[in-house]
There are 2 protein chains.
Amino acid sequence: MPPVFAHGELRLYLLVLLLDGPRHGYELITELTRRFGGTYRPSAGTIYPRLARLEEEGLVRRSVPGEPGSPGVGRKATYELTPAGHAEIEARFDDVKRLERSVAETVRSLADEVRADVRDTMRGLRAELAAAAQEVRTRPRPGTAPDPRRTQSNSLRHDAEAVLQRFRNDVLADLREADVAGTVSALTVETLRTVLDSARSAIRGTLPHSTTSPPGRADRTEPE
Amino acid sequence: MPPVFAHGELRLYLLVLLLDGPRHGYELITELTRRFGGTYRPSAGTIYPRLARLEEEGLVRRSVPGEPGSPGVGRKATYELTPAGHAEIEARFDDVKRLERSVAETVRSLADEVRADVRDTMRGLRAELAAAAQEVRTRPRPGTAPDPRRTQSNSLRHDAEAVLQRFRNDVLADLREADVAGTVSALTVETLRTVLDSARSAIRGTLPHSTTSPPGRADRTEPE
DNA sequence: ACCTCAGACACGATATATCGCGTTCTTCGA
DNA sequence: TCGAAGAACGCGATATATCGTGTCTGAGGT
């Protein structure tokens, strides 16, 4: 999924949020979530480094507990705009306006909502695999199992490929038909992407692979 | 939602998990998630207090960084069973066995719930997606730049086909790899079937209902 | 003008800790 | 033995910090 905020945008938006008064890091997270109607929730790993940088640059002031670098933590650090922070916002007023419009539009988009919905639904399918896998695990095969595993896997793979082939043909047909009517929308492509992504996760989940994933697997060799 | 673990169950299950060796708190969270197929992910607020208590009772030993009570944090605390911890497990062996059965059953029933749920959700989702698609279609896009949305459907279809193609290649690759290891199971085929079914529903939902071509389309003629 | 490459950045994953709510279990006294 | 108070517990929400990956940008060199 592409980032919600482009390069310097989150940084700027945090300053804008602080215009309403001092906030904790966590408050900024929840406020952002609220403004996006729940479709986007920035992670802590997004917010805190940004706030640390802004403090470093003197645009915000952090109060109360120990510095973030030290092991001493102390809950609830409050951030507030410095004069330099206010100046930055005024200097980039055009960017601020543009950003606010862009956020509003993102929120309006239904596709995001649907996307999240679909993902949630598909996530649940993983449970099916877990259940069946558990059953297989807890109920070991009766009697001695010679070695039919290999040949079985092979024939099963054949079945899987057939299922996949059929699916592809069906979707292709749907697509062609819709195209004639000129009704293929961006939403279709987006949904396809999301759904197939989830599908692949589910399928991979049925194939044993360690969760800690020791294999480096050089599958990052081709840029796009 | 009712708790997944009853009163002392999580406590006991954590000890069982530590039988496999020392673990960090976070590792225990992910391991539990894995065992429940993603349907249950204990929050940090569930795990860490429990571990702290277990340490207090002398059933586990915590190593490396500062005490949890103090503000000093220090990443990565490792927990391991003490002799007393091992003794506890042995003493409550019956409970352990019962718990393991119960977990397996819980997972299975959760899966059933989800399975039943998926169809419903998908059904509702179809309507939602259709509505969204309708809106997108009838009201091109107000905010963004003036697009020449002439052969848009056609180009979009091209995108969709590319996505589909890539998905097919990826899954085929997964299948081949798994086959070499002989790990393609009936479960894989079953999951594939279910997931692709749901996927197709979602995709079709974004396309207008083609009343001219009912479900006919000879998709039940293949023997299995 | 074109390339590159280091630094900034967005983001999910990893990691840990506390608080408050609602439920369950365990005494202990009536 | 029954019932109630309090401890223990499960759990989501609150709170903060770091790491690794992938992307983008701009300054410098060619």
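Residues numbered from 1 in each chain as written. Chains lettered and ligands numbered in written order. Predicted model: local features only at pLDDT ≥ 70, side-chain atom pairs only at ≥ 80, totals over all residues. Heavy atoms only, no water.

Visitor: Quick rundown of the overall build of chain A? Include the residues and the values.
Guide: When its secondary structure is counted, chain A shows 8 helices and 3 strands. Across chain A, helices and strands are ordered from the amino to the carboxyl terminus as α-β-α-α-β-β-α-α-α-α-α. Of all 224 residues assigned to chain A, the portion counted as buried reaches 38%. In chain A, of all internal contacts separated by at least 6 residues, the share reaching a separation of at least 24 is 55%. Carbon together with sulfur atoms contributes 51% to the accessible area of chain A, which is approximately 13300 Å² in total. (Helix = DSSP H or I, 4+ residues; strand = E, 2+ residues; numbered from the N terminus. Buried < 20%, exposed > 50% of the residue type's maximum accessible area, 1.4 Å probe, protein only. Contact = heavy atoms within 4.5 Å. Areas by Shrake-Rupley, 256 points an atom, 1.4 Å probe, with all protein chains shown as cover.)

Visitor: Go over the pairing of strand β2 (residues 60-63) of chain A, please, and point to the residues and values.
Guide: A regular strand places its side chains so that they alternate between the two faces of the sheet. Residue and element names in this part refer to chain A. Across the two faces of β2 the burial differs, with V60 and R62 buried and R61 and S63 not buried at all. Direction of pairing for β2 relative to strand β3 (residues 78-81): antiparallel, over a ladder of 4 bridges. Looking across to β3, one finds that R62 is bridged to Y79. (Pairing = 2+ DSSP bridges.)

Visitor: I'd like a rundown of the protein's contact with DNA strand D, residues and numbers included.
Guide: The environment of DNA strand D is made up of 32 residues, and the closest members are K76 and A77 of chain A together with V4, H7 and Y40 of chain B. Contact between DNA strand D and G45 of chain B: a base nitrogen at 3.3 Å from a main-chain N or O atom of the residue. (Near = heavy atom within 4 Å. Polar contact = N/O pair within 3.5 Å; in protein donor to acceptor, adjacent residues only side chain to side chain.)

Visitor: So what's going on with the packing of aromatic side chains? Residues and values would help.
Guide: The geometry of two aromatic rings is summed up by the distance between their centres and the angle between their planes. Applying the stated rule across the entire model yields 7 aromatic pairs over all chains. When the ring of F5 of chain A is compared with that of Y13 of chain A, the centres are 5.7 Å apart and the planes differ by 40 degrees; the resulting orientation is tilted. Residue F5 of chain A shares its accessibility class with Y13 of chain A, and that shared class is buried. Between F5 of chain B and Y40 of chain B, the aromatic rings sit 5.8 Å apart at their centres with planes inclined by 65 degrees, giving edge-to-face as the arrangement. With F5 of chain B in the segment before α1 (9-18) and Y40 of chain B in the loop between α2 (25-35) and α3 (44-56), this residue pair connects regions lying 35 residues apart in the sequence. Feature note: the residues F5, Y13, F36 and Y40 of chain B constitute an aromatic cluster, connected by ring pairs. (Phe/Tyr/Trp six-rings, centres within 6.5 Å; stacked < 30°, edge-to-face > 60°.)

Visitor: I'd love a proper account of the nonpolar core, names of residues and values included.
Guide: Ranked by size, the top nonpolar core spans 36 residues in total, and within it F167 of chain A together with F167 and L196 of chain B carry the most contacts. Mapped by element, the contributors of at least two residues to this core are α7 (149-180) and α8 (186-206) of chain A together with α6 (152-180) and α7 (186-206) of chain B. Beyond its immediate sequence surroundings of up to four residues, F167 of chain B is in contact with L164, F167, L196, A199, R200 and I203 of chain A together with L196 of chain B. (Core = buried A, V, L, I, M, F, W, Y, C linked by side-chain atoms within 4.5 Å.)

Visitor: Account for the environment of V189 of chain B, naming residues and giving values.
Guide: One can find V189 of chain B in helix α7. If we ignore the near neighbours within four places in the chain, the residues touching V189 of chain B are L156, D159 and A160 of chain A.

Visitor: Provide a residue-level description of the protein's contact with DNA strand C, including the pertinent values.
Guide: Taken together, 30 residues surround DNA strand C, and among them V4, H7 and Y40 of chain A together with K76 and A77 of chain B come closest. When the atoms of DNA strand C within 4 Å of the protein are sorted by group, sugar and phosphate make up 66%. In this structure, a base nitrogen belonging to DNA strand C sits 3.3 Å away from a main-chain N or O atom of G45 of chain A. For the surface near DNA strand C, the elements supplying multiple residues, two or more each, are α1 (9-18) and α3 (44-56) of chain A together with α2 and α3 of chain B. Broken down by class, the residue content of the surface near DNA strand C amounts to 12 nonpolar, 10 polar and 8 charged. (Nonpolar A, V, L, I, M, F, W, Y, C, P; charged D, E, K, R; others polar.)

Visitor: Outline the packing of α8 of chain A against α7 of chain B, supporting the account with residue identities and numerical values.
Guide: For the pair α8 of chain A and α7 of chain B, interaxial distance at closest approach is 9 Å and the crossing angle is 170 degrees. The angle between the axes of α8 of chain A and α7 of chain B places the two elements in the roughly antiparallel class. From α8 of chain A, L187, T188, T191, L192, V195, A199, A202, I203 and T206 of chain A reach across to α7 of chain B, where they touch L187, T188, T191, L192, V195, L196, A199, A202, I203 and T206 of chain B. Class assignment of the residues belonging to the contact of α8 of chain A with α7 of chain B gives a composition of 13 nonpolar, 6 polar and no charged. (Axes fitted to C-alpha atoms, helices over the stretch in contact; angles between N-to-C directions. Parallel < 35°, antiparallel > 145°, perpendicular 65-115°, else oblique.)

Visitor: Could you give an account of the pattern of salt bridges, with specific residues and numbers?
Guide: Going through the model one piece at a time under the given rule, you end up with 20 salt bridges over all chains. Of the charged contacts in the structure, one is a salt bridge between R11 of chain A and E57 of chain A, with a shortest N-O distance of 2.4 Å. With a gap of 46 residues between them, R11 of chain A in helix α1 and E57 of chain A in the loop between α3 and β2 connect regions that are remote in the sequence. Looking at E57 of chain A, the relative accessible area reads 34%, which means it is partly exposed. R61 of chain B is the partner of E80 of chain B in a salt bridge, and the nearest nitrogen-oxygen pair spans 3.0 Å. Of this pair, E80 of chain B sits in strand β3 (residues 78-81) while R61 of chain B sits in strand β2 (residues 60-63), placing them 19 residues apart in sequence. Taking relative accessible area as the criterion, E80 of chain B reaches 27% and is therefore assigned partly exposed. Shared partners join several salt bridges into a network, and the residues in it are R11, R53, E57, E88, R92, D95 and R98 of chain A. (Salt bridge = Lys/Arg side-chain N within 4 Å of Asp/Glu carboxyl O.)

Function-wise, these values are silent; they only describe arrangement.
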